[in-house]
Amino acid sequence: MKIIPVCEMDMHAQDGAIYGDYLFRFNGKGLCRVFDARGLTAGVQSLARIAEFRISGEDPLVPHFNAVCFGSEFYARGDEFPLMYANLYNNYAKEENRREGVCCVYRMQRSGTDFSMTLVQIIRIGFTDDRILWRSAEGTNDVRPYGNFVVDTEKNLLHVFTMRDADHTARYFTFKLPRLADSVPDPEFGIPSVTLGREDILSFFDTEYHLYIQGACCHGGLIYSSEGFNEKIPPALRVIDPAEKKQIRHMHLPDYGYTVEAEWIEFYGGKCYYSDAHGQTFLVDFDL
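For clarity, every value in this text was computed on a predicted model and none was experimentally measured. Each chain has its residues counted from 1, following the order in which its sequence is written. In keeping with the predicted nature of the model, local features appear solely for residues at pLDDT of at least 70, side-chain atom pairs appear and are counted solely at 80 or more, and the whole-chain, interface and lining totals rest on all residues. Side-chain metrics in this entry use all non-hydrogen atoms of the structure; hydrogen atoms and water are not considered.

## Digging into the overall build of the protein
- Elements are defined by DSSP. Helices are runs of H or I of four residues or more, strands are runs of E of two residues or more, and each kind is numbered from the N terminus. Summing up its helical and strand segments, the protein has zero helices and 22 strands in all.
- Against the 2.2 N^0.38 benchmark of 19 Å for 288 residues, the protein shows a C-alpha radius of gyration of 18 Å, consistent with a compact globule.
- Summarising its shape, the C-alpha atoms of the protein cover approximately 50 × 45 × 35 Å along the three principal directions.
- Expressed as a percentage of the 288 residues in the protein, the buried residues total 59%.
- In the protein, of all internal contacts separated by at least 6 residues, the share reaching a separation of at least 24 is 57%.
- For the charge count, each Lys or Arg is scored as positive and each Asp or Glu as negative, with His and the chain ends excluded. Every charge is mapped to an atom, namely NZ of Lys, CZ of Arg, CG of Asp or CD of Glu. The distance from the centre of the 29 positive side-chain charges to the centre of the 41 negative ones in the protein is 0 Å. Within these notes, the globule rule equals 2.2 Å times the number of residues to the 0.38 power, and the radius of gyration is based on C-alpha atoms. Only protein chains enter the area calculation, which uses a 1.4 Å probe; residues under 20% of their type maximum are buried, those over 50% are exposed, and those in between are partly exposed. Note on contacts: a residue pair qualifies if any of its non-hydrogen atoms lie within 4.5 Å across the two residues.

## Let's talk about the pattern of salt bridges
- Any carboxyl oxygen of Asp or Glu that lies within 4 Å of a side-chain nitrogen of Lys or Arg is treated as forming a salt bridge with it. Applying the stated criterion across every chain yields a total of 18 salt bridges.
- A salt bridge links Arg-33 to Asp-10; its shortest N-O distance comes to 3.5 Å. Placement of the pair is Arg-33 in strand 4 (residues 31-36) and Asp-10 in the loop between strand 1 (2-8) and strand 2 (16-19), with a sequence separation of 23 residues.
- The class for Asp-10 is partly exposed, based on a relative accessible area of 41%.
- A salt bridge links Glu-80 to Arg-110, with the shortest nitrogen-to-oxygen separation between them at 3.0 Å. Of this pair, Glu-80 sits in the loop between strand 6 (68-70) and strand 7 (84-87) while Arg-110 sits in strand 8 (residues 102-111), and the two are 30 residues apart along the sequence.

## Observations concerning the packing of aromatic side chains
- Note on aromatic pairs: the rings of Phe, Tyr and Trp (six-membered ring only in Trp) are paired at centre separations within 6.5 Å, and the planes decide the class, stacked below 30 degrees, edge-to-face beyond 60, tilted for the rest. The final tally for this structure, using the stated rule, is 26 aromatic pairs.
- With a centroid separation of 6.1 Å and an interplanar angle of 20°, the aromatic rings of Phe-70 and Phe-81 are classed as stacked. A residue pair is termed long-range when its members are at least 10 positions apart, and Phe-70 in strand 6 and Phe-81 in the loop between strand 6 and strand 7 qualify at eleven residues.
- Judged by its relative accessible area of 8%, Phe-70 falls in the buried class.
- The class of Phe-81 is buried, set by a relative accessible area of 1%.
- A connected cluster of aromatic rings, assembled from ring pairs, spans Tyr-19, Tyr-22, Phe-24, Phe-53, Phe-70, Phe-81 and Phe-115.
- Our definition puts a charge over a ring when NZ of Lys or CZ of Arg is within 6 Å of the ring centre and also within 35 degrees of the ring normal. Arg-99 extends its terminal NZ or CZ atom over the ring of Tyr-92, reaching a point 5.9 Å from the ring centre.

## Let's talk about the side chain of Gln-214
- Within the secondary structure, Gln-214 sits in strand 16 (residues 213-219).
- Taking relative accessible area as the criterion, Gln-214 reaches 3% and is therefore assigned buried.
- Pairs of N or O atoms are called polar contacts if they sit within 3.5 Å, as long as, within protein, a hydrogen donor faces a hydrogen acceptor (for residues adjacent in sequence, only side-chain-to-side-chain pairs). A polar side-chain atom of Gln-214 sits 3.1 Å from a polar atom in the side chain of Glu-261.
- Sequence-distant contacts of Gln-214, that is, excluding residues within four places in its chain, are made with Gln-14, Asn-66, Ala-67, Asn-148, Ser-226, Glu-227, Gly-228, Phe-229, Glu-261, Ala-262 and Glu-263.

## Structural notes on the nonpolar core
- Of all hydrophobic cores here, the largest spans 27 residues; its most connected members are Phe-24, Met-84, Tyr-106, Phe-115 and Met-117.
- Secondary-structure elements contributing two or more residues to this core are strand 3 (22-26), strand 4, strand 5 (49-54), strand 6, strand 7, strand 8 and strand 9 (114-125).
- Leaving out residues up to four positions away in the same chain, Met-117 has contacts with Phe-26, Phe-53, Ile-55, Phe-65, Met-84, Tyr-106, Arg-107 and Met-108.
- What is meant by a nonpolar core is a set of buried Ala, Val, Leu, Ile, Met, Phe, Trp, Tyr and Cys residues, joined one to another through side-chain atoms within 4.5 Å. Ranked by size, the runner-up nonpolar core spans 22 residues in total, among them Val-105, Phe-127, Leu-133 and Phe-149.

## Notes on the pairing of strand 19 (residues 246-252)
- Each pair of strands is called paired provided DSSP finds at least two bridges between the two strands. In this sheet, strand 19 lies alongside strand 18 (residues 236-241) in antiparallel orientation, the contact comprising six bridges. Directly across from Arg-238, in strand 19, lies its bridge partner His-250.

## Structural notes on the sheet that holds strand 8
- Ordered in space as 6-7-8-9-14-13, the six strands form an open sheet in which the pairing is mixed. Edge strands, defined here as strands with exactly one partner in the open sheet, are strand 6 and strand 13 (184-185).
- Here strand 13 pairs with strand 14 (residues 192-196) via two bridges, running antiparallel. Across the sheet, the residue bridging to Pro-185 is Pro-192, located in strand 14.

Here is the structure:
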């Protein structure tokens, strides 16, 4: 396994995703910068920024964009981009309703270098109060019970995973990816929504504990996850095989000389890249 620095990304931020040659990177307040992904393989010092925009200020929810990915369904025939998925994560941690286990689904549109996103669906996990299935134990205040969402576009599956502190594990759930047509009007916001219940779980399993989950993506049926903050809570990258229900790689980044919070993780041209919270971007070879 090895890590190779490739370039800088002018974005101190959270996760993002690539579609075509457009690289999207978000912060936790709805700001997105769009970069030319071709720079990842061109030997440039900094990725060229194409655009900058914010999600609509009229949207009722603002994701943390902790984990971001494109799906397989298009909102309308002729759309350039498929639906984009972004989780709320801990943006509402101080509210009475912390909105745990919520993912926002967007229609991404482009006119030249002008981009916009429209909230078209909300996906909720309907059992986040379950002290056995979702949470780790009765009386335990799990530090991050919010969940990351990633889409397997080849199998049309939705993987959701969360930290469970009492038993020191991460739990992964697999669902059939909800389609827009599966939605009903949300009683709170009126936006199409889907609530996934216990009966919708296709499978679930536990892996080694993930210490403060960050970005995530799915490629070739495998889930790639970043985590950590600093030297005291060290950043790491993991590869999870949901079919085999196990972790197959763990890359402890300080072993490679990197101690900055790992965030964005994605594939481009069949190769894996990750970027830290400061925008430094790296090519990763997991030697799978």
